[in-house]
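The primary structure of each chain is shown beneath.
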Amino acid sequence: MDDHNALEAVVRARVTPKGSLENLSQQEVDQVLDRGRGGLYDLFRRCALAVLNCGTQIDDARLIFEAYKDFDIQIMREPWGLKLEIKNAPGSAFVDGQMIKGVKEHLFSVLRDVVYTSTEVVGRYDLSDPANITNAIFRIMRNSGVLDHKGHPNLIVCWGGHSIPREEYDYTKLVGYELGLRGMDICTGCGPGAMKGPMKGAAIGHSKQRVHAGRYIGLTEPGIIAAEPPNPIVNSLLILPDIEKRLEGFVRLGHGIIVFPGGVGTAEEILYLLGLLLDPANAHQPLPLVFTGPASSAAYFENLDRFIAATLGPEAQRHYRIITGDP
């Protein structure tokens, strides 16, 4: 099925949660379904459509929303919990009329985070204050369950572009594979490209090592989720309020960070992280940082390194290693 036909295929369905969200209060339901100012419906609808649109190659949010302008989602309360009634949903989210399990998990993760952020964060914390921002991010992450891991510190955050050449994508898969063989888990921005490749490689490495509880954590936010819909490998999806809080979420979760070639967003991530590492208060915090890509990306990292040297100086360069052509 080509992208044009994929955009035309629509499905109507009712789905129930599995483990991630069993109930909402009547007030929470009313807020989600409120289409007026201050209501959550438009936000929930946009994020829900984004996760249901997984599997296509379309990264233009306007095209997606226009193609599925009749998409609708409603919450149905029942004595034993709740269901979502979905109309005119992307057909790529279904197999033989049934919603793909991973997509269903993502859908209810969206509902969980949209409701929690609205009821437990917005209005309760001064989100212009750094300490309050960190506290709010911690609470959102704790509510999602991503902080429940009791194993060794093995979560590697991978950053990079979502629209990348095949050679770079294959390299990210090889790096993910090497990480998976060593029992490392993966956290990315959850979309395609350099966000999907490491997860896909790690899944193969985990399979060979018989790692049955590998974590593939995806962090996103409402402003980019449509252009970068969560890839199907993500088994723990978290929606943070905006791009800056998403960046802090990465740093709060990760035990090491790998950066692949990317665009403006990747540069923002690098400068954000270097700003933290250069703070004297973090001088003794161990956080391995590696810039890597295929041999053909050497010039990209050389230019990046020169820019960092010219703006932040040698002290910033001390916080990372550049490795090319060696996954």
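Look a little higher up for the structure.
Residues numbered from 1 in each chain as written. Predicted model: local features only at pLDDT ≥ 70, side-chain atom pairs only at ≥ 80, totals over all residues. Heavy atoms only, no water.

> Looking at this structure, how should I read the overall build of the protein?
Counting secondary structure elements, the protein contains twelve helices and twelve strands. Taken over the C-alpha trace, the protein has a radius of gyration of 20 Å; the compact-globule value for 327 residues is 20 Å, and the two agree within 12%. For the protein, the spread of C-alpha atoms along the principal axes amounts to about 60 × 45 × 40 Å. Here the analysis covers contacts within the protein between residues at least 6 apart in sequence; of these, 72% occur between residues at least 24 apart. If you sum the accessible surface of the protein, you get close to 15,700 Å²; carbon and sulfur atoms cover 52% of it. Positive and negative charge centroids in the protein, built from 33 and 39 side chains respectively, lie 6 Å apart. (Helix = DSSP H or I, 4+ residues; strand = E, 2+ residues; numbered from the N terminus. Rg over C-alpha atoms; globule rule 2.2 N^0.38 Å. Contact = heavy atoms within 4.5 Å. Areas by Shrake-Rupley, 256 points an atom, 1.4 Å probe, with all protein chains shown as cover. Lys, Arg positive; Asp, Glu negative; His and termini not counted. Charge placed at Lys NZ, Arg CZ, Asp CG, Glu CD.)

> Would you mind showing me how to read the sheet that holds strand S7 (residues 185–188) here?
Across a sheet, strands are paired by hydrogen bonds formed along the backbone, either parallel or antiparallel in direction. In spatial order, the strands read S9-S8-S7-S6-S10-S11-S12; together these seven strands make up an open sheet with parallel pairing. A single partner strand is all that each edge strand has here, and the edge strands are strand S9 (236–239) and strand S12 (321–324). Taking the axes of each pair of neighbouring strands and ignoring which way they run, one obtains an average angle of 25° across the sheet. (Pairing = 2+ DSSP bridges. Axes fitted to C-alpha atoms, helices over the stretch in contact; angles between N-to-C directions.)

> For this particular structure, what's the right way to read unusual backbone geometry?
Residues apart from glycine generally show negative phi values, whereas peptide bonds are mostly found in trans. With a phi close to 60°, Asn 88 is a non-glycine residue in the positive phi region. Among the structural elements, Asn 88 can be located in strand S3 (residues 81–90). Overall, the relative accessible area of 31% leaves Asn 88 in the partly exposed class. With a phi close to 80°, Cys 190 is a non-glycine residue in the positive phi region. By the secondary structure assignment, Cys 190 is in the loop between S7 and helix H8 (197–208). (Buried < 20%, exposed > 50% of the residue type's maximum accessible area, 1.4 Å probe, protein only.)

> Would you take a moment to explain helix H3 (residues 41–52) for this structure?
Residues spaced three or four apart along an α-helix point in a common direction, a consequence of the helix completing one turn every 3.6 residues. Taking 1.5 Å per residue, twelve residues should reach 16 Å; H3 reaches 16 Å between its end C-alpha atoms and fits that length. Most of H3 sits out of view: nine of its twelve residues are buried. Among the residues making up H3, those that are buried are Tyr 41, Phe 44, Arg 45, Cys 47, Ala 48, Leu 49, Ala 50, Val 51 and Leu 52. (Expected span 1.5 Å × (residues − 1).)

> I'm lost on the environment of Asn 282 in this one. Help?
Structurally, Asn 282 can be placed in the loop between helix H10 (264–277) and strand S11 (289–293). With relative accessibility at 25%, the residue Asn 282 sits in the partly exposed group. Remark: the alpha-carbon pair of Asn 282 and Arg 12, spanning 270 residues in sequence, is separated by 51 Å. Engagement of the side chain of Asn 282 in a polar contact is seen with the backbone oxygen of Leu 276, the distance being 2.8 Å. (Polar contact = N/O pair within 3.5 Å; in protein donor to acceptor, adjacent residues only side chain to side chain.)

> Would you take a moment to explain the pairing of S11 for this structure?
Across the five residues that make up S11, a large majority, four, are buried. Note: S11 against S12, four bridges, orientation parallel. When the sheet's bridge partners are listed, Gly 293 is paired in S12 with Thr 324.

> Mind showing me how you'd approach the packing of aromatic side chains here?
The geometry of two aromatic rings is summed up by the distance between their centres and the angle between their planes. With the rule as written, the count across this model stands at four aromatic pairs. Seen in terms of ring centroids, Trp 159 and Phe 250 are 5.7 Å apart; in terms of plane orientation they differ by 80°. Their pairing is edge-to-face. Taken together, the residues Trp 159 in strand S6 (residues 155–159) and Phe 250 in helix H9 (residues 243–253) connect sequence positions 91 residues apart. With respect to burial, Trp 159 and Phe 250 carry one shared label: buried. Among the aromatic residues, those joined into a ring-pair cluster are Phe 291, Tyr 300, Phe 301 and Tyr 320. (Phe/Tyr/Trp six-rings, centres within 6.5 Å; stacked < 30°, edge-to-face > 60°.)

> It is not clear to me how the pattern of salt bridges should be interpreted in this structure. Could you clarify?
For side chains bearing opposite charge, pairing can occur when the charged atoms are close. Overall, the coordinates contain eleven salt bridges when judged by the stated rule. Of the charged contacts in the structure, one is a salt bridge between Glu 120 and Arg 124, with a shortest N-O distance of 3.1 Å. Judged by its relative accessible area of 29%, Glu 120 falls in the partly exposed class. Among the residues examined, Arg 124 registers a relative accessible area of 56% and is labelled exposed. For Arg 182, the salt bridge goes to Glu 178, with nearest N and O atoms at 2.8 Å. (Salt bridge = Lys/Arg side-chain N within 4 Å of Asp/Glu carboxyl O.)

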